[in-house]
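# Chains, contacts and geometry: an overview
If you want the building blocks of each chain, they are given just below.
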Amino acid sequence: MDAVVEDITGIIHELARVRRIATVQPRDNLLAQGIVDSLAIVKLMLFLEDRFPIRISDEDIVPENFRDIESLCRFVQSKMR
Amino acid sequence: MDFSLTEDQISMRSEVIRFARRELNDDVVARDAANEFSLKGWRRCAKMGIQGLPFPREYGGSGADLVTLAVVMQALGYACADHGLLFAIAAQMVSVQMPLAQFGTEEQKARYLQPMCSGERIGAFCLSEPGSGSDAFGLSTTATRNGDCYVLNGSKTFITNAPVADVFLVFATTDKGAGFMGITAFLVEKGSAGLMVGKPIGKLGLRTSPMSEVFLHECVVPAANRLGRVGMGQRLFTASMQWERTLILAFGIGAMERQIEACVAYARERKQFGQPIGGFQAVANRIVDMQVRFETSRLLLYHAAWLLQQGRLSDMEAAMTKLYVSESCLQSSLDAIQVHGGYGYTTECQVERSLRDAVGGRLYSGTSEIQRNTIARSLGL
Ligand SMILES: Cc1cc2nc3c(=O)[nH]c(=O)nc-3n(C[C@H](O)[C@H](O)[C@H](O)COP(=O)(O)OP(=O)(O)OC[C@H]3O[C@@H](n4cnc5c(N)ncnc54)[C@H](O)[C@@H]3O)c2cc1C
């Protein structure tokens, strides 16, 4: 698995555990399930900025970038380009 | 590092203290008992320039910096006994006027911000719901697009100013599947079909600040009244929370200052066992702790306001300020009652009202537990 996908899947599973959700599929809606909520987004952003050479701006925080693991991976990969 | 206030700030402080003593302290004990809001006081404050202080001149404000705002709100809290009124004003400034100033269109600013600065219109911030308080974005009020309008459905609770408000800043979800990123803010005018304001809610303290529920039933709002972009509600809320957590309790620091003066005077005058009670170390130390709490609160407030002005305030600093100042106000009020003995427990003495007013500080703008969560998260816990 690509390192980006692996790391993102890892942090999302960690956030899901807080919500007592055992598994998350690449297309599960993270926002609707509350896995990425207003508290988790802060932790997630810190993690992504720490792990990858990217800076996330306010404008980036839109559902299209955070809806599921797939869109999150696409977002991070596009930022790294 | 220069901690001194400017000459302008010092003279503004004296002017505000004179104004508050002269114009805002009528019948506070009776109005508190009757849960009575003072529209007269609200308008007087607007005339004095309070509501417009930090907002741009083109919308009727005076463009003051945020440290000056902190100094002025503290001065009001020191000299004005009606803390319900000050809370109501501060709530409008930090949670309605501020997002309007930062995210509003020119038309929205002219229509809503300007008359709020002048005191003609009153605004209410409608986020909390019966099912979502600390988990503010777990809200269930919906907004559905319908042509040039949105249709809002849901209910809001604990809404400060609602019984007297002309404009309601309502948070609703426009995209359920987008969680907190699907929340959008709307400006709903009083009298809109489908908007209903509930009966005033009775409270422990801050009784002169009116509060009620707000119901939205098929309430039609023009799309032009959306504040910010679709899905921007969380950003708008986060920005206003920085102001709110920093500044909302500035008046409470003024109350601490007044309590210390009252305690020192009382401890010097009141004699027991043949000597002033201030001569007993237990009493003196309690007042010393009040003074230390006051000074540290003031430093946190000014520092956070300064950082906010520079655009450098972190969530942790805002949360620390809100947490520490609110807890200090409460402890200071308890201490003031203790120093005054049985007299402090009576309504006439007015210290008991400060205590009742201070309890809310641990709840609104995020409870103390939520502030601690934010600080813990910022520490990497
Ligand atoms: C005087 C006053 C004025 C207000 N004005 C307004 C207003 O104008 N507009 C508006 O929208 N709202 C307003 N509110 C509502 C206020 O924002 C909420 O009361 C507050 O956010 C707490 O929500 P809640 O009351 O539903 O309590 P809950 O969220 O149900 O909390 C109950 C208890 O559980 C604790 N708790 C909850 N979650 C956690 C957690 N994750 N970790 C640890 N502890 C937790 C809380 O700290 C609290 O002790 C006002 C409240 C007051 C008291």
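Quick caveat: nothing in here was measured; it's all calculated off a predicted structure.

What counts and how
- Residues numbered from 1 in each chain as written.
- Chains lettered and ligands numbered in written order.
- Predicted model: local features only at pLDDT ≥ 70, side-chain atom pairs only at ≥ 80, totals over all residues.
- Heavy atoms only, no water.
- Helix = DSSP H or I, 4+ residues; strand = E, 2+ residues; numbered from the N terminus.
- Rg over C-alpha atoms; globule rule 2.2 N^0.38 Å.
- Areas by Shrake-Rupley, 256 points an atom, 1.4 Å probe, with all protein chains shown as cover.
- Lys, Arg positive; Asp, Glu negative; His and termini not counted.
- Charge placed at Lys NZ, Arg CZ, Asp CG, Glu CD.
- Domains from an automatic or database assignment.
- Contact = heavy atoms within 4.5 Å.
- Buried area = accessible area lost by both parts, 1.4 Å probe.
- Salt bridge = Lys/Arg side-chain N within 4 Å of Asp/Glu carboxyl O.
- Polar contact = N/O pair within 3.5 Å; in protein donor to acceptor, adjacent residues only side chain to side chain.
- Near = heavy atom within 4 Å.
- pLDDT = per-residue confidence, 0-100.
- Buried < 20%, exposed > 50% of the residue type's maximum accessible area, 1.4 Å probe, protein only.
- 1 Å grid on protein atoms, 1.4 Å probe; cavity = no way out; pocket = protein on both sides within 12 Å on 5 of 7 lines; lining within 4 Å.
- Points joined across faces, edges and corners; volume = space filled by probe spheres on them.
- Nonpolar A, V, L, I, M, F, W, Y, C, P; charged D, E, K, R; others polar.

## Focus: the overall build of chain A
Each helix and strand counted, chain A has four helices and zero strands in total. Going from N to C terminus, chain A has its helices and strands arranged as α-α-α-α. Its C-alpha radius of gyration of 11 Å places chain A within 12% of the 12 Å reference for a compact globule of 81 residues. Referenced to the eigenvectors of the C-alpha coordinate spread, the extents of chain A come out at roughly 35 × 30 × 20 Å. When the accessible surface of chain A is summed, it comes to about 4,500 Å², and 50% of that surface belongs to carbon and sulfur atoms. The positive charge centre, built from 11 side chains, and the negative charge centre, built from 14, are 3 Å apart in chain A.

## Overview of the domain arrangement of chain B
All names here are of chain B. Looking at the assigned domains, one finds that chain B contains domain 1 (7-122), domain 2 (124-231) and domain 3 (249-378). Each of domain 2 and domain 3 has a C-alpha centre, and the two are 32 Å apart. Tallying the contact residues gives five residues for domain 2 and six residues for domain 3. Approximately 510 Å² of surface area, both sides summed, lies buried where domain 2 meets domain 3, with 67% of it carried by carbon and sulfur atoms. For the domain 2 face of the interface with domain 3, the top three residues by lost area are Ser134, Leu204 and Leu206, together amounting to 82%. Our count for the contact surface shared by domain 2 and domain 3 stands at zero salt bridges.

## Observations concerning the interface of chain A and chain B
Counting residues at the interface gives 16 residues for chain A and eleven residues for chain B. Counting each side, the surface lost to burial between chain A and chain B is near 1,100 Å², with a carbon and sulfur contribution of 60%. At the junction of chain A with chain B, the criterion picks out three salt bridges. On inspection of chain A and its partner chain B, the count reaches three residue pairs in polar contact (both at pLDDT 80 or more). Breaking the side of chain A that touches chain B down by element, the ones donating at least two residues are α2 (40-51) and α3 (63-66) of chain A.

## Let's talk about the site of the ligand
All names here are of chain B. The local shell around the ligand holds 16 residues, among which Phe125, Ser128, Ser134, Phe158 and Thr367 are the closest. Between the ligand and the protein, one listed contact pairs a nitrogen atom with a backbone N or O atom of phenylalanine 125 at 2.8 Å. Within the side chain of serine 134, an N or O atom sits 2.6 Å from an oxygen atom of the ligand. A total of 970 Å² of accessible area belongs to the ligand in isolation, and the protein chains cover 65% of it. When residues of the shell around the ligand are sorted by domain, at least three fall in each of domain 2 (124-231) and domain 3 (249-378).

## Looking at the confidence of the model for chain B
Residues with a pLDDT of 70 or more make up 100% of chain B, whose mean pLDDT is 97. The complex model carries a pTM of 0.94, and its ipTM stands at 0.87.

## What to know about the pattern of salt bridges
Inspection of every chain in the model, using the stated rule, returns 23 salt bridges over all chains. One salt bridge in this structure joins glutamate 23 of chain B and arginine 44 of chain B, with 3.2 Å as the shortest N-O distance. Of this pair, glutamate 23 of chain B sits in helix α1 (residues 7-23) while arginine 44 of chain B sits in helix α3 (residues 39-48), placing them 21 residues apart in sequence. By relative accessible area, which is 23% here, glutamate 23 of chain B ends up partly exposed. Given a relative accessible area of 26%, arginine 44 of chain B falls into the partly exposed group. For arginine 298 of chain B, the salt bridge goes to glutamate 295 of chain B, with nearest N and O atoms at 3.0 Å. One end of the pair is arginine 298 of chain B and the other is glutamate 295 of chain B, both in helix α9 (residues 281-310) and three residues apart, which spans about a single turn. Its relative accessible area of 28% is what places glutamate 295 of chain B among the partly exposed residues. Beyond isolated ion pairs, a larger network of salt bridges with shared partners links Asp58 and Glu59 of chain A together with Arg235 of chain B.

## Some remarks on empty space enclosed by the protein
Residue and element names in this part refer to chain B. Inspection of every chain in the model, using the stated rule, returns three cavities of 30 Å³ or more. For the lining of the largest cavity, the elements supplying multiple residues, two or more each, are α8 (250-269), α10 (315-344) and α11 (351-359). Ranked by the residues each element gives to the lining of the largest cavity, the list is headed by α8, at five residues. By volume, the second largest cavity amounts to about 40 Å³. As for the second largest cavity, its lining consists of Leu69, Met73, Ala90, Met93, Val94, Leu247 and Ile248. Only α4 (66-79) and α5 (83-103) provide two or more residues apiece to the lining of the second largest cavity. For the lining of the second largest cavity, the leading source of residues is α5, giving three residues. Looking at side-chain class alone, the lining of the second largest cavity contains seven nonpolar, no polar and no charged residues.

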